[in-house]
Amino acid sequence: MSVPVSISLLVNGEPIDAFVLPRLNLADFLRENLKLTGTHVGCEHGVCGACTVRVDGEIVRSCLMLAVQAQGASVETIEGLSDSGEVADLQAAFRERNALQCGYCTPGMLITAQDLLKQVSMPDRQAIREHLSGNYCRCTGYQAILDAVEATAKTRAERRA
Amino acid sequence: MKAAAFAYARATSVVNALELLAAHGDKAKVLSGGQSLMPAMNLRLLSPDIVVDIGGLAELRGFAVKGDVLVIGALTRHVDLLGSPEVALHAPLLRDAVAHVAHPAIRNRGTIGGSLAHADPASELPACVVALDATIIVRGPAGERRIAATRFFKGIYETALSPDELLVAVEVPVAGQGSTFFFQEYARRHGDYAIVGLAARAVVAGGRFTDFRLGFFAVGDRPLLATAADKLINASVTAVLLAEAATALADELDPQEDQQASPAMRRHLAAVLLRRCVAALLARPELEAGATR
Ligand SMILES: Cc1cc2nc3c(=O)[nH]c(=O)nc-3n(C[C@H](O)[C@H](O)[C@H](O)COP(=O)(O)OP(=O)(O)OC[C@H]3O[C@@H](n4cnc5c(N)ncnc54)[C@H](O)[C@@H]3O)c2cc1C
Ligand code: FES
Ligand code: FES
């Protein structure tokens, strides 16, 4: 009784039409159907944060969302944020501060950090820690990641001043 | 792991969702935010034949103040509770609690209805609605039912809902004059499920509690409205009386053993939270000092 469902959505600003089985989650849809493999899949139960993407401007776990639930939505992946230059400074700070090692968690970390910086212009370390608390880094880059996010917040604040 | 195959239906109205549930019985599962259902399906703990997606039902979302209650639609998301001026004014306990529910990306999709229907005993919002003496509004084939929060939770992941019913809203009495609240939990990491937590509502007048409701969570198979609070109502709270209440609390708890804590540790932490709560709400820090005796 499980039949493909037609969906239409925007992915990184591009209109996409597809037929998907209900069980396909958004992470697999992005990776397998659209070959956007920047969205990583770790735990598939919402714990690790590697699959974080933006849906209608808000971060979500793409492993806990069905592709069919993205009908009519605007999805942004790390490829979109990267190509538009929106997170270029954050990416540079991650490189400079050694905040990425194997890079598995990095797309999710970048999207989550950018989400915080959009909401709070100068978060303190505690706020950064809390906002990133749902993202695992197996390479234990946590301190370096905090440093990178904090440094980016500072340079953005200086640029605005 | 991936979810097993299932059929998918996007409900177009509450009535339509109820028809779909009636047609498929317990082979159907309601999908709200998916933040508990999807992990369970991905782990193959659940494999419904059909998923009824109620996510698009705008009629189930948002807040309304009606007389002395704040009505919160079932699909209202955690992030909406955090940011809502109505919640901050009328039910600040929910705002304080929801900051501890999971992480931002999960709070952007998880809903209050889903959290209450899921009824994880370590969950924050069930204990809050019990402490707040809220009413859960449910709709089914026979119409609407109103269930007191204290009677809604039946056990681990078990509620008074039947498979053909939808939780549609929660009614919370608005915070009256002199109401104060306390929320705290112990968790391994911010956003993790609590090891022990307490959501409390009190009315304080002349240095005494005239009303005091303690909603403990992660100390049993469901949120617990602790009767130990009764000892402290309309009484002059002394260190001795508080110690008696703490002993009474330990007796009524039935904590589970798990990787996070032993029952003895949970009893101890619950007593610490009780003391902290009483000291904070009565603004008498000396009462908390008793905790480390
Ligand atoms: C990594 C992680 C950490 C988490 N940490 C916490 C935490 O610390 N505290 C906490 O409380 N929660 C936590 N959660 C769970 C999360 O908060 C969910 O939002 C919540 O428990 C379920 O809400 P939902 O809307 O996503 O429901 P869903 O997942 O859609 O549904 C949950 C269950 O309720 C049923 N249901 C949903 N809505 C209705 C309705 N209106 N009527 C009838 N039945 C319904 C579904 O059929 C299903 O059985 C966590 C989740 C994850 C993935
Ligand atoms: S893969 Fe989605 S949170 Fe881990
Ligand atoms: S850099 Fe390897 S998991 Fe974070």
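Per-chain numbering applies: the sequence of each chain, read as written, is numbered from 1 onward. As a convention, the first chain written is A and the first ligand written is 1, with the rest following in written order. Only residues with pLDDT of 70 or above have their local features reported here, since the model is predicted, and side-chain atom pairs are shown and tallied only from 80 upward, although totals for entire chains, interfaces and linings are computed over all residues. Side-chain numbers come from the whole structure's heavy atoms, not from hydrogens or water.

Notes on the overall build of chain B
- Counting from the N terminus, the helices are DSSP H or I runs at least four residues long and the strands are E runs at least two residues long. A count of helical and extended segments in chain B gives twelve helices and 14 strands.
- For a compact globule of 293 residues, the expected C-alpha radius of gyration is about 19 Å, and chain B comes in at 19 Å, within 12% of that figure.
- Overall size of chain B, expressed as C-alpha extent along the three principal axes, is 60 × 45 × 30 Å.
- Going through the 293 residues of chain B one by one, you find that 55% of them count as buried.
- Contacts between residues were defined by any pair of non-hydrogen atoms, one from each residue, lying within 4.5 Å. Put simply, 61% of the contacts in chain B that link residues at least 6 apart link residues at least 24 apart.
- Only the protein chains shown count as cover for residues, with accessible areas throughout obtained via the Shrake-Rupley method and a probe of 1.4 Å. Carbon together with sulfur atoms contributes 52% to the accessible area of chain B, which is approximately 11900 Å² in total.
- Side-chain charges of chain B comprise 29 positive and 30 negative groups, with the mean position of each set lying 3 Å from the other. Radius of gyration means the value over C-alpha atoms here, while the globule rule gives 2.2 Å times the residue count to the 0.38 power. Residue burial is assigned from relative accessible area. The probe radius is 1.4 Å, only protein chains are included, and a residue is buried under 20% of its type maximum, exposed over 50%, and partly exposed in between. Charge assignment in this entry is limited to Lys and Arg as positive and Asp and Glu as negative, and neither His nor the chain termini are counted. Lysine's charge is taken at NZ, arginine's at CZ, aspartate's at CG and glutamate's at CD.

Brief notes about helix α4 (residues 106-119) of chain A
Residue and element names in this part refer to chain A.
- A helix is expected to reach a length of 1.5 Å times the quantity of its residues less one. The terminal C-alpha atoms of α4, which comprises 14 residues, lie 20 Å apart, in line with the 20 Å expected from a rise of 1.5 Å per residue.
- The element α4 is largely enclosed, with a buried count of twelve among its 14 residues.
- Listing the buried residues of α4 in full gives T106, P107, G108, M109, L110, I111, T112, A113, Q114, D115, L116 and L117.
- Along its buried surface, α4 packs onto β3 (52-55), β4 (58-61), α2 (78-83), α3 (88-96), α5 (125-131) and α6 (142-160).

Observations regarding the site of ligand 1
- It suffices for a single heavy atom of a residue to lie within 4 Å of a molecule or strand for the residue to be listed as near it. Around ligand 1, the surrounding shell holds 34 residues, and the nearest of these are V30(B), S32(B), L37(B), T111(B) and S123(B).
- Ligand 1 is flanked by residues contributed from chains A and B.
- In this structure, a nitrogen atom belonging to ligand 1 sits 2.8 Å away from a main-chain N or O atom of L167(B).
- Here a polar contact is recorded for every N or O atom pair within 3.5 Å, except that within protein the pair must consist of a potential hydrogen donor and a potential acceptor, and residues adjacent in sequence are included only if both atoms are side-chain atoms. Contact between ligand 1 and G191(B): an oxygen atom at 3.2 Å from a main-chain N or O atom of the residue.
- Out of a free accessible area of 970 Å², ligand 1 has 94% covered by protein chains.
- Those elements giving two or more residues to the shell around ligand 1 turn out to be β2 (28-31), α7 (112-118) and β10 (166-173) of chain B.

A look at the sheet that holds strand β12 (residues 196-205) of chain B
All names here are of chain B.
- In this description, strands pair whenever DSSP reports at least two bridges between them. Pairing is antiparallel in the open sheet, where four strands are placed in the order β11-β12-β13-β14. In the strand order of this sheet, the two ends are held by β11 (179-186) and β14 (224-225), each with one partner.
- Inter-axis angles, ranging from 0 to 180 degrees, are taken between N-to-C directions of lines fitted to C-alpha atoms, where helices are fitted over the stretch in contact. Across the sheet, helix α11 (residues 263-281) lies against β11, β12 and β13 (208-217), angled at about 150 degrees from β11, the strand it touches most.

Observations regarding the pairing of strand β3 (residues 50-53) of chain B
- Burial of the side chains of β3(B) extends over both faces: I50(B) and V52(B) are buried on one face and V51(B) and D53(B) on the other.
- Here is how to tell: hold the view so the strands point away, follow the path from the first strand over the helix to the second, and if it runs clockwise the crossover is right-handed. What joins β2(B) to β3(B) is helix α2 (residues 37-42) of chain B, and the crossover it makes is right-handed.

Some thoughts on the packing of aromatic side chains
- Here a pair means two rings of Phe, Tyr or Trp (six-membered ring of Trp) with centres within 6.5 Å. Their orientation is stacked below 30 degrees between planes, edge-to-face above 60, and tilted elsewhere. On inspection of all chains with the given rule, the structure shows three aromatic pairs over all chains.
- Between F183(B) and F217(B), the ring centres sit 5.8 Å apart and the planes meet at 25 degrees, which makes this aromatic pair stacked. In this pair, F183(B) is assigned in strand β11 and F217(B) in strand β13, connecting sequence segments 34 residues apart. Taken individually, F183(B) and F217(B) each receive the classification buried, so the pair is uniform in this respect.
- Centroid distance F209(B) to F212(B): 4.0 Å. Interplanar angle 0 degrees. Geometry classified as stacked.
- Whether a charge sits over a ring comes down to the Lys NZ or Arg CZ being within 6 Å of the ring centre and within 35 degrees of the ring normal. The ring of Y104(A) is capped by R138(A), whose NZ or CZ atom sits 5.8 Å from the centre of that ring.

Some words on the pattern of salt bridges
- The salt bridge criterion pairs a side-chain nitrogen of Lys or Arg with a carboxyl oxygen of Asp or Glu, the two atoms within 4 Å. Tallied over the full model, the rule gives 21 salt bridges over all chains.
- In this structure, the salt-bridge partner of R222(B) is D221(B), at a minimum N-O distance of 3.0 Å.
- The class for D221(B) is partly exposed, based on a relative accessible area of 29%.
- Close ionic contact of D258(B) with R266(B) constitutes a salt bridge, the shortest N to O distance being 3.0 Å.
- Each of D28(A), E44(A) and K2(B) takes part in salt bridges that share partners, so that together they form one network.

Some details on the interface of chain A and chain B
- Chain A puts 24 residues into the contact, and the matching count from chain B is 30 residues.
- Defined in terms of a 1.4 Å probe, buried area is the accessible area two parts forfeit on being brought together, summed over both. Of the roughly 2500 Å² buried at the junction of chain A and chain B (both faces included), carbon and sulfur atoms supply 55%.
- The interface formed by chain A and chain B includes three salt bridges.
- Between E58(A) and R77(B) there is a salt bridge, and its shortest N-O distance comes to 2.8 Å.
- At the surface where chain A touches chain B, the tally comes to 14 residue pairs in polar contact (both at pLDDT 80 or more).
- Elements represented by at least two residues in the side of chain A that touches chain B include exactly β4 and α5 of chain A.

Considerations on unusual backbone geometry
Residues and elements named next belong to chain B.
- Look at A119: it is not a glycine, yet its phi comes out positive at around 55 degrees.
- Relative to the helices and strands, A119 is located in the loop between α7 and α8 (124-131).
- Despite not being glycine, N234 has its phi angle at roughly 55 degrees, a positive value.
- Among the secondary structure elements, N234 is positioned in the loop between β14 and α10 (239-252).

Here's the deal with the packing of α4(A) against α6(A)
All names here are of chain A.
- At a closest axis distance of 11 Å, the pairing of α4 and α6 adopts a crossing angle of 40 degrees. Taken together, the axes of α4 and α6 lie oblique to each other. The element α4 and its partner α6 pack so that their crossing is right-handed. In this structure, α4 uses M109, A113, Q114 and L117 to contact α6, whose residues at the interface are Y142, I145, V149, T152, A153 and R156.
- Gly is placed with the polar residues, together with every amino acid not listed as nonpolar (Ala, Val, Leu, Ile, Met, Phe, Trp, Tyr, Cys and Pro) or charged (Asp, Glu, Lys and Arg). For the contact of α4 with α6, the per-class residue count stands at seven nonpolar, two polar and one charged. For this classification, under 35 degrees means roughly parallel, over 145 means roughly antiparallel, 65 to 115 means roughly perpendicular, and everything else is oblique. Rotating anticlockwise by less than a right angle from the far helix to the near helix defines a left-handed crossing, while the corresponding clockwise rotation defines a right-handed one.

Section: the domain arrangement of chain B
Residues and elements named next belong to chain B.
- Bear in mind that the domain bounds are from an automatic or database domain assignment. Domain boundaries assigned for chain B yield domain 1 (7-53), domain 2 (58-173) and domain 3 (180-288).
- Every contact between the two is made by 27 residues of domain 2 and, on the other side, 24 residues of domain 3.
- For the pair domain 2 and domain 3, the summed buried area comes to about 2100 Å², and 64% of that belongs to carbon and sulfur atoms.
- Among the residues of domain 2 in contact with domain 3, H100, P121 and A131 are the three that bury the most area, contributing 23% of the side total.
- At the junction of domain 2 and domain 3, the tally comes to one salt bridge.
- Measuring nitrogen to oxygen at the nearest pair gives 3.5 Å for the salt bridge that ties R213 to D133.
- Seen at the junction of domain 2 and domain 3, the total is eight residue pairs in polar contact (both at pLDDT 80 or more).
- For the side of domain 2 that touches domain 3, the elements supplying multiple residues, two or more each, are α5 (92-98), α8 and β8 (153-155).

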